[in-house]
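Read off the chains here:
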Amino acid sequence: MARKQCCSICSKEAENGIYLLRVYICHSCEKEMINTSADDPKYQFFVEQMTKAHRSMIPS
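Here goes a summary of the coordinates provided. Keep in mind that what you see is a predicted model, and the values were worked out from it rather than measured.

## Some details on the pattern of salt bridges
Item 1. This model, assessed by the stated rule, comprises 1 salt bridge.
Item 2. Between Lys42 and Glu32 there is a salt bridge, and its shortest N-O distance comes to 3.7 Å. A residue pair is termed long-range when its members are at least 10 positions apart, and Lys42 in helix H2 (residues 41-56) and Glu32 in helix H1 (residues 27-34) qualify at 10 residues.
Item 3. You can call Lys42 partly exposed: its relative accessible area is 33%.
Item 4. Given a relative accessible area of 36%, Glu32 falls into the partly exposed group.

What counts, and where the lines are drawn
- Residues numbered from 1 in each chain as written.
- Predicted model: local features only at pLDDT ≥ 70, side-chain atom pairs only at ≥ 80, totals over all residues.
- Heavy atoms only, no water.
- Salt bridge = Lys/Arg side-chain N within 4 Å of Asp/Glu carboxyl O.
- Helix = DSSP H or I, 4+ residues; strand = E, 2+ residues; numbered from the N terminus.
- Buried < 20%, exposed > 50% of the residue type's maximum accessible area, 1.4 Å probe, protein only.

In structure tokens form, the structure reads like this:
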């Protein structure tokens, strides 16, 4: 049984996902990110969420 992780994009717990540079992304968000074109307003949301997630990994 897989352990649930909190997605860095949608903040929901999910069992299926990937780690990208130590940041967990659920399968649903991964799929949506892949299928979102750069001119879609949702694209900027994904960029901002990934930026926040990566910044949280940097020790203060």
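Past the structure itself, the notes keep going.
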